[in-house]
Amino acid sequence: MKIEVNSISKSFGSTKAINELSLSLDPGVIGLVGENGAGKSTLFRLLSGVMHPDKGVILIDGFEASTMQAKEKIFYLPDDPYAEKDATPASIYNLYSCFYKIDKEGYLSLLNELNLPLNKKIATFSKGMKRQTFIALSLNVDTEIMLLDEAFDGLDPLVVSIIKEKLLLKAEEGKLIFIASHNISTLDRLCERFVLLYKGSLAVNGQEQDMASSMVKYQAAFKGEFSEGKLHAYGFEAISYRRLGSIHNFVIKEDEARIEALRREEDPILLEQVPIAPDEAIALRMALARKESKEGE
């Protein structure tokens, strides 16, 4: 099972939502991250065949995304799934079972585990309960690919933990799970790979450790005055800079020679490299993509 995205573009009027994007995805849990408006939802609609690219080709296991052979391999859960006014979790199952093979026992069991009533109208549910209902459905649909847009939006930590466990089991079965989230921390300890979009283009594509490659984080204290301007004086562009009392925390692109020059000239009380957490690394990559885009304009 493979998704191949070859130089696709998609515009809405004068706005280019996806810009010359190429990507290859294999089975496993893959996170799709990016700021609002980065093109995440548009990409999912293109992959599922709901929309068609203006340019380029998308292949789902060798079939073009618009074909029935491709669509039957995919279950797409949008960020705001539609449910009729009188729909219940039971009627949602009846509707979707007309189009997909669904493990009914698994669906009912997960609804029970999540304390969701089978015959209560979804219109009366909270946003989180509605989201849980559709995730319970998606986890029991028999397709090889799952596209989950903002799957964890509005869910409490315990529910997120339960769903993560179910998703990892699906990945062990050889499923390809592509999951988008604006809340980076919810993807921690779930995704083995991340795709970062910025203004419809690929900013980063790789594993967690790739997100922090070329970036280093320092914690420092100085005898005299120090500021972000001093970093600039040594030739650094701070990706992130924060001061709390006498402690300075900053993230820069790695440059040992310049750090040694700063150490020699400033004679800091403290200057040590500290690890970058996975969710922080993704946020920093977003900031770096934004900075590089502005510099290129």
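The structure we're discussing is the one just above.
This is a predicted model, so every value here is computed, not measured.

## Thoughts on the overall build of the chain
Here's step 1: The helix and strand inventory of the chain stands at 10 helices and 14 strands.
Here's step 2: In terms of overall dimensions, the chain has C-alpha extents of about 70 × 45 × 35 Å along its principal axes.
Here's step 3: Considering the chain as a whole, with its 297 residues, one finds that 47% of them fall into the buried category.
Here's step 4: Across the chain, the fraction of contacts at a sequence separation of at least 24, relative to all contacts at a separation of at least 6, is 69%.
Here's step 5: Counting every atom, the chain has about 14,700 Å² of accessible surface; 47% of that belongs to carbon and sulfur.
Here's step 6: Averaged over its 36 positive side-chain charges, the chain has a centre that lies 4 Å from the centre of its 44 negative ones.

## Examining the pattern of salt bridges
Here's step 1: Taken as a whole and assessed by the stated rule, the structure comprises 16 salt bridges.
Here's step 2: Lysine 166 is the partner of glutamate 113 in a salt bridge, and the nearest nitrogen-oxygen pair spans 3.4 Å. Here glutamate 113 is found in helix 4 (residues 104-113), whereas its partner lysine 166 is found in helix 6 (residues 157-172), with 53 residues between them in sequence.
Here's step 3: Salt-bridge contacts for lysine 217 lead to glutamate 280; the nearest nitrogen and oxygen are separated by 3.0 Å. Here lysine 217 is found in strand 11 (residues 215-221), whereas its partner glutamate 280 is found in helix 10 (residues 278-296), with 63 residues between them in sequence.
Here's step 4: When its relative accessible area of 16% is taken as the criterion, lysine 217 is described as buried.
Here's step 5: Assessed through its relative accessible area of 23%, glutamate 280 is described here as partly exposed.
Here's step 6: A single salt-bridge network, built from bridges that share partners, covers Asp61, Lys73 and Glu144.

## Focus on the pairing of strand 8 (residues 176-180)
Each regular strand displays side chains that alternate between the two surfaces of the sheet.
Here's step 1: Of all 5 residues that make up strand 8, 5 are buried, and the element is covered over most of its length.
Here's step 2: Across 5 bridges, the pairing between strand 3 (residues 28-33) and strand 8 is parallel. Residue pairing for strand 8: glycine 28 is matched across the bridge by leucine 176.

## So, helix 3 (residues 89-96)
Here's step 1: Along helix 3, the positions that sit buried rather than exposed are Pro89, Ala90, Ile92, Tyr93 and Tyr96. Mapping the buried residues of helix 3 onto a view down its axis gives an arc of 160°, with all of them on the same face.
Here's step 2: In the core, the buried residues of helix 3 are packed alongside strand 6 (74-77), helix 4 and helix 5 (127-138).

## Let's talk about the sheet that holds strand 12 (residues 240-244)
Here's step 1: Ordered in space as 12-13-11-14, the 4 strands form an open sheet in which the pairing is antiparallel. What marks the edges here is a single partner per strand, and that holds for strand 12 and strand 14 (270-274). Averaged over neighbouring strand pairs, the angle between their axes works out to 20° when direction is ignored.
Here's step 2: The sheet contact formed by strand 11 and strand 13 (residues 247-253) spans 6 bridges and is antiparallel. Bridge pairing links methionine 215 to lysine 253 in strand 13.

## Concerning the sheet that holds strand 4 (residues 55-60)
Here's step 1: With antiparallel pairing, 4 strands are arranged side by side in an open sheet as 2-1-4-5. Lying at the two open borders of the sheet, with one neighbouring strand each, are strand 2 (15-25) and strand 5 (63-64).
Here's step 2: Bridging between strand 4 and strand 5 involves 2 bridges; their strand directions are antiparallel. Pairing of leucine 59 across the sheet is with glutamate 64, part of strand 5.
Here's step 3: Lying over the sheet, helix 1 (residues 40-47) contacts strand 1 (3-12), strand 2 and strand 4, oriented at roughly 120° with respect to strand 1.

Conventions we followed
- Residues numbered from 1 in each chain as written.
- Predicted model: local features only at pLDDT ≥ 70, side-chain atom pairs only at ≥ 80, totals over all residues.
- Heavy atoms only, no water.
- Helix = DSSP H or I, 4+ residues; strand = E, 2+ residues; numbered from the N terminus.
- Buried < 20%, exposed > 50% of the residue type's maximum accessible area, 1.4 Å probe, protein only.
- Contact = heavy atoms within 4.5 Å.
- Areas by Shrake-Rupley, 256 points an atom, 1.4 Å probe, with all protein chains shown as cover.
- Lys, Arg positive; Asp, Glu negative; His and termini not counted.
- Charge placed at Lys NZ, Arg CZ, Asp CG, Glu CD.
- Salt bridge = Lys/Arg side-chain N within 4 Å of Asp/Glu carboxyl O.
- Pairing = 2+ DSSP bridges.
- Arc of directions from axis to C-beta.
- Axes fitted to C-alpha atoms, helices over the stretch in contact; angles between N-to-C directions.

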